[in-house]
Amino acid sequence: MLHLSRKLRELRGERSLLDIEKGTRISRVQIMRFEKAQRVPNPTNLRQLAEFFNTSYDSLRSLYYEDLFQNKDEQRIVLKWAKKHLESGLLEKLESEPTHSPIN
């Protein structure tokens, strides 16, 4: 998770971990682990961090996927999953339904 951890450190800048903890309700320990690429933020944490840093959720999520796809085993798993669901018509079904939650 090097791309994402670097971006989180960059966004934090001079702010303290305590400031971020207060603004996101994510513990300082967790934030530090995200920044050191020892843990991966879940989607809820990514949204909280995006809102706190006034950046888009999509940009942080994209970095997460860039990091994920550096691992060949993860690539295989995700691509097999995607192939299965594309063949099942899931994409067409999703595209025909209205979006229920906005993604920043």
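For the structure, check the block above.
Residues numbered from 1 in each chain as written. Predicted model: local features only at pLDDT ≥ 70, side-chain atom pairs only at ≥ 80, totals over all residues. Heavy atoms only, no water.

Peer 1: Mind showing me how you'd approach unusual backbone geometry here?
Peer 2: Although it is not a glycine, Arg 25 adopts a positive phi angle of roughly 65 degrees. Note on placement: Arg 25 falls in the loop between helix H2 (17-24) and helix H3 (28-35). A relative accessible area of 79% means that Arg 25 is categorised as exposed. In the Ramachandran plot, Ala 37 falls in the positive-phi region, its phi being about 60 degrees despite a non-glycine side chain. Within the fold, Ala 37 resides in the loop between H3 and helix H4 (43-53). (Helix = DSSP H or I, 4+ residues; strand = E, 2+ residues; numbered from the N terminus. Buried < 20%, exposed > 50% of the residue type's maximum accessible area, 1.4 Å probe, protein only.)

Peer 1: Looking at this structure, I do not really get the environment of Pro 98. What am I missing?
Peer 2: Inspection of the secondary structure assignment puts Pro 98 in the segment after helix H7 (90-96). Once the C-alpha coordinates of Pro 98 and Arg 76 are considered, the two residues, 22 residues apart in sequence, prove to be 30 Å apart.

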